[in-house]
Amino acid sequence: MQVTSAKFKVSNTDVAKCPTDAMHEYAFIGRSNVGKSSLINMLTGKRKLAMTSATPGKTTLINHFIINDSWYIVDLPGYGYAQRSKSEREKLERIISSYILGRPQMTSLFVLVDSRHKPQKIDMEFMEWLGENGVPFAIVFTKLDKLSRTAGVANIEAYKKELLEHWEELPPIFITSSETGQGRQELLDYIEELNQLPVQTEFS
Ligand code: GTP
Ligand code: MG
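Residues numbered from 1 in each chain as written. Chains lettered and ligands numbered in written order. Predicted model: local features only at pLDDT ≥ 70, side-chain atom pairs only at ≥ 80, totals over all residues. Heavy atoms only, no water.

Quick word on the coordination of the magnesium ion (ligand 2)
Tetrahedral coordination by four donors puts the ideal angle at the metal at 109.5 degrees, and octahedral coordination by six puts it at 90 or 180 degrees. Rules: Metal donors were taken as nitrogen, oxygen and sulfur atoms no farther than 2.8 Å from the ion, or 3.2 Å where the ion is Na, K or Ca. Water is excluded, so coordination may look unfinished. Strands are runs of DSSP state E lasting at least two residues, helices are runs of H or I lasting at least four, and both sets are numbered from the N terminus onward. For every residue, the accessible area obtained with a 1.4 Å probe (protein chains only) is divided by the maximum for its type, and the residue is called buried under 20%, exposed over 50%, and partly exposed between those limits.
Taken together, the protein ligands of the magnesium ion (ligand 2) are S37 (OG) and T59 (OG1), with distances of 2.1 to 2.2 Å. Taken together, the residues S37 in helix 1 (residues 36-44) and T59 in the loop between helix 1 and strand 3 (62-67) connect sequence positions 22 residues apart. Assessed through its relative accessible area of 6%, S37 is described here as buried.

As structure tokens, this is what we get:
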């Protein structure tokens, strides 16, 4: 799929105020600073569409972007940023979980993990929670440009092995770099495939 247009639509703290038109939407989540907003900019080819920062905790709202006037990308706040106060963290967690559990039109959630790190407890627990709640998700490895090819392959293989200790099968997996554009076409093609399905407007 080609991205011909990508525009900011709206930011919210309340899932009830998110767009109500029945369009497929794809949300990006993961630890703070993992590269969610950068990946959205890479996918859309617009460097300044989603706000990025070298300091963790940049995105604090549910941000909707409309792509090709026909589907949404959603940039979510990151989880697990230790420098935030407990009440601030809890507030963000409430925003994230109300969105994730309250959007039947979210066709897939992309869970981003930094390819440089070993599987982190917080990510594993988060994915377990998604599984318990029947949320469809895929895993996106980020920042591959920061590793040698061999180290990248080794880390991802180790990650898959660990996942298979918790899951019977692996979710779809994408390997990306927002610096080099690696994985862009694969992700867009996956979204295009899902866009062919009917949009779910309520939970079955
Ligand atoms: P929060 O909104 O704070 O949760 O962060 P985020 O997950 O949206 O991360 P963001 O896209 O703001 O990126 C965080 C930092 O990582 C920035 O300094 C980016 O330039 C850098 N970064 C993101 N993706 C990549 C990548 O693929 N390669 C490299 N080298 N740096 C990246
Ligand atoms: Mg962000």
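A look at helix 2 (residues 86-101)
This is how the line gets drawn: What a helix is expected to span follows from its residue count: subtract one and scale by 1.5 Å. Starting at the helix axis, one direction is taken to each C-beta atom, and the arc is that of these directions. Any two residues whose heavy atoms approach within 4.5 Å are treated as being in contact.
Taking 1.5 Å per residue, 16 residues should reach 22 Å; helix 2 reaches 22 Å between its end C-alpha atoms and fits that length. Considered for burial, the residues of helix 2 that qualify are L92, I95, I96, Y99 and I100. One side of helix 2 holds all its buried residues, which, seen down the axis, span an arc of 125°. Exposed side chains of helix 2 directed beyond 90 degrees from the buried face belong to K86, S87 and R94. On the buried face of helix 2, the contacting elements are strand 2 (25-30), strand 3, strand 4 (71-75), strand 5 (106-114) and helix 3 (121-132).

Section: the packing of aromatic side chains
Applicable threshold: Working definition: a ring pair exists when centres of Phe, Tyr or Trp rings (six-membered ring for Trp) sit within 6.5 Å. Plane angles under 30 degrees give stacked, over 60 give edge-to-face, the rest tilted.
What the rule picks out here adds up to 11 aromatic pairs. Relative to F65, the ring of F8 has its centre 5.8 Å away and its plane inclined at 65°; by these criteria the two rings are edge-to-face. In this pair, F8 sits in strand 1 (residues 6-12) while F65 sits in strand 3, placing the two residues 57 residues apart along the sequence. Note on F8: relative accessible area 46%, which makes it partly exposed. Here Y26 and F110 contribute two aromatic rings whose centre-to-centre distance is 6.4 Å and whose plane-to-plane angle is 35°, an arrangement assigned as tilted. You can see Y26 sitting in strand 2 and its partner F110 sitting in strand 5, a full 84 residues away along the chain. Residue classification places F110 among the buried positions, given a relative accessible area of 0%.

Here we look at the nonpolar core
Here is the rule: Put simply, a nonpolar core is a bunch of buried Ala, Val, Leu, Ile, Met, Phe, Trp, Tyr and Cys residues held in one set by side-chain atoms that sit within 4.5 Å of each other.
Judged by nonpolar contacts, the single largest core of 29 residues is most densely connected at Y99, I100, L109 and V111. Going through the elements one at a time, strand 2, helix 2, strand 5, helix 3, strand 6 (137-142) and helix 4 (149-163) are the ones with two or more residues in this core. A total of five residues in this core trace back to one element, the largest contributor, which is helix 2. Leave out the neighbours within four places in its chain, and Y99 touches V15, E25, A27, I62, H64, V74, L76 and M106. Counting 26 residues, the second largest nonpolar core, distinct from the first, contains I40, W71, L187 and L194.

Examining the side chain of T59
As a reminder of what qualifies: We define a polar contact as two N or O atoms separated by no more than 3.5 Å, with the added condition that, inside protein, one atom must be a possible hydrogen donor and the other a possible acceptor, whereas residues neighbouring each other in sequence contribute only through side-chain atom pairs.
On the basis of relative accessibility, which here comes to 11%, the residue T59 falls in the buried class. Polar contacts involving the side chain of T59 include one to the side chain of S37, which spans 3.1 Å. Setting aside its immediate chain neighbours within four residues, T59 contacts S37, M51, D75, L76, P77, G78 and R84.

With respect to the site of ligand 1
Formally: One heavy atom within 4 Å of a molecule or strand makes the whole residue count as near it. Every accessible area reported is derived by Shrake-Rupley at a probe size of 1.4 Å, with residue values counting cover from the shown protein chains alone. Side-chain classes are defined by residue name, with Ala, Val, Leu, Ile, Met, Phe, Trp, Tyr, Cys and Pro counting as nonpolar, Asp, Glu, Lys and Arg as charged, and the others, Gly among them, as polar.
Taken together, the neighbourhood of ligand 1 is formed by 21 residues, with K36, S38, G57, K58 and D145 sitting nearest. At 3.3 Å, a backbone N or O of V34 approaches an oxygen atom of ligand 1. T59 is positioned such that a nitrogen or oxygen atom in its side chain is 2.8 Å from an oxygen atom of ligand 1. Contact with the protein chains removes 88% of the 650 Å² of surface that ligand 1 exposes when unbound. When grouped by side-chain class, the residues that make up the shell around ligand 1 number three nonpolar, 12 polar and six charged.

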